[in-house]
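# Descriptive structure summary
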Amino acid sequence: MNKEFSEITGDDTSQTFSTVASPNISAPLDANAHIDLATAIETRAAFPSLPYDTLVRIADDMNRQGFGVATDCIHPDDLSALRTFIEQKVAAAGGEYIAFTGRDSVSGTFLDALGLSPEFMQACQTIYRKGTGTAPPTAPFYQVLRCLSGKTGEKHAFFFHYDSYVITALVPIIMPTEGKRGDLIMLPNTRRIRSSYFRNLVDKILLDNTLTQVALKHLVRSGYLRPTRVRMLPGNVYFFWGYRSVHANEPCDHDKTRATALFHYANPHAGSRLRGMARGTPAA
Ligand SMILES: O=C(O)CCC(=O)C(=O)O
Ligand SMILES: [Fe+2]
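Residues numbered from 1 in each chain as written. Chains lettered and ligands numbered in written order. Predicted model: local features only at pLDDT ≥ 70, side-chain atom pairs only at ≥ 80, totals over all residues.

## Structural notes on the overall build of the protein chain
Assigned secondary structure in the protein chain consists of 10 helices and 9 strands. Across the 284 residues that make up the protein chain, the buried fraction comes to 36%. For the protein chain, restricting intrachain contacts to residue pairs at least 6 apart in sequence, the fraction spanning at least 24 positions comes to 86%. (Helix = DSSP H or I, 4+ residues; strand = E, 2+ residues; numbered from the N terminus. Buried ≥ 20, exposed ≤ 12 C-beta atoms within 10 Å, placed from the backbone. Contact = placed C-beta atoms within 7 Å.)

Shown next, in the form of structure tokens:
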């Protein structure tokens, strides 16, 4: 399996589960103690605790129109710190495409905190329960930060795929606002969750071949096939059934950077022996 495929479909088992104390401020035990303002700012939760009704609405939207949006839930200060991080990394890569796979690769950044956020995990688990009618698994996010830039960014556009995980939460960080913006395009909910890894593999092989890829790209570009187009705004988080929906991103202008963080949750075939054999790793 090539690196691009693994990165973009989130087909990886390398992360280990870890827990972290909630960033919420708990009341001090000492009655005389006070909460210092600087500490309060430092410990701002990475993601808000969204009301149940909001999460139900998001899951319904994912079923109905392909995606659901949690609006204004990433703090502007967190976004601007991330932008600085990305701009430096893209510049160091000569203005070309760069991706960061796994939480460790973004350690110390806001994306590290978001990957460990109990509120964010809770949101995905509630959406999962609502969407599948089954108990959400206890499993960490598989996270990737993709920065499209320069000529090489083009190679990573129009790659139609299914993710390996049931839910994909997409956090736009830098999105061009004019010219070719690199919208997310999708054919929502084109398959069910497959009961076997083998059946899932057949779907992926049928989709990830030159003939299908060229045909889909042509059909979309000619306007014959009209996918759902998601124009994403930084600050919002976009949820969709990544495992069930054929999706890709459009290219963006070479002189612009387009950065998105992907949080993949719940691999239905995590315990498959065939998957373990195909990947050369024991079933996890
Ligand atoms: O960056 C995007 O818009 C989508 C990327 C994606 O689908 C993935 O990494 O699985
Ligand atoms: Fe994807």
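Structure's up, so let's keep going.
## So, the packing of helix α3 (residues 52-64) against helix α6 (residues 118-132)
In the contact formed by α3 and α6, the axes pass within 9 Å of each other and the chain directions differ by 55°. Between α3 and α6, the angle falls in the class oblique. The handedness of the crossing between α3 and α6 comes out as right-handed. Residues Tyr52, Leu55, Val56, Ile58, Ala59, Met62 and Asn63 of α3 form the contact with α6, whose participating residues are Ala123, Thr126, Ile127, Lys130 and Gly131. Taken together, the residues of the contact of α3 with α6 break down into 8 nonpolar, 3 polar and 1 charged. (Axes fitted to C-alpha atoms, helices over the stretch in contact; angles between N-to-C directions. Parallel < 35°, antiparallel > 145°, perpendicular 65-115°, else oblique. Left-handed = near helix turned anticlockwise from the far one by under 90°. Nonpolar A, V, L, I, M, F, W, Y, C, P; charged D, E, K, R; others polar.)

## Describing unusual backbone geometry
At Phe158, a position not held by glycine, the phi torsion is positive, near 55°. The residue Phe158 is located in the loop between α7 (152-155) and β4 (167-174) in this model. The partly exposed category is assigned to Phe158, around which 18 C-beta atoms lie within 10 Å. Notably, Ala266 is not glycine yet its phi reads approximately 75°, a positive angle. On the secondary structure map, Ala266 appears in the loop between β9 (257-265) and α10 (273-279).

## Let's talk about the nonpolar core
Of all hydrophobic cores here, the largest spans 59 residues; its most connected members are Cys124, Ile127, Ile167, Phe239 and Tyr265. Residues contacting Cys124, with those up to four places away along its chain left out, are Ile167, Ala169 and Tyr265. (Core = buried A, V, L, I, M, F, W, Y, C linked by C-beta atoms within 7 Å.)

## Observations concerning the environment of Glu250
Tracing the chain through its elements places Glu250 in the loop between β8 (246-249) and β9. Through-space distance from the C-alpha of Glu250 to that of Leu184 is 6.4 Å; in sequence the pair is 66 residues apart. The contact partners of Glu250, leaving out residues within four places of it in the chain, are Ala157, Phe158, Lys180, Gly182, Asp183 and Ile185.

## Focus: the environment of Val166
You can see Val166 is positioned in the loop between α7 and β4. For Val166, a count of 23 C-beta atoms within 10 Å gives the class buried. Taking C-alpha positions, Val166 is 9.7 Å from Gly131, a pair spaced 35 residues apart along the chain. Not counting residues within four places of it along the chain, the set of residues in contact with Val166 comprises Tyr128, Thr132, Ile193, Trp241, Tyr243, Tyr265, Ala266 and Pro268.

## Quick look at the pairing of strand β7 (residues 237-240)
The two faces of the sheet receive side chains in turn, since in a regular strand these alternate between them. Residues Val237 and Phe239 of β7 are buried on one face, and the alternating residues Tyr238 and Phe240, pointing to the opposite face, are buried as well. Relative to β7, strand β1 (residues 67-70) is paired through 4 bridges, and the arrangement is antiparallel. By the bridge assignment for β7, Val69 is matched with Tyr238. Across 3 bridges, the pairing between β4 and β7 is antiparallel. Paired with Thr168 across the strands is Phe240, a residue of β7. (Pairing = 2+ DSSP bridges.)

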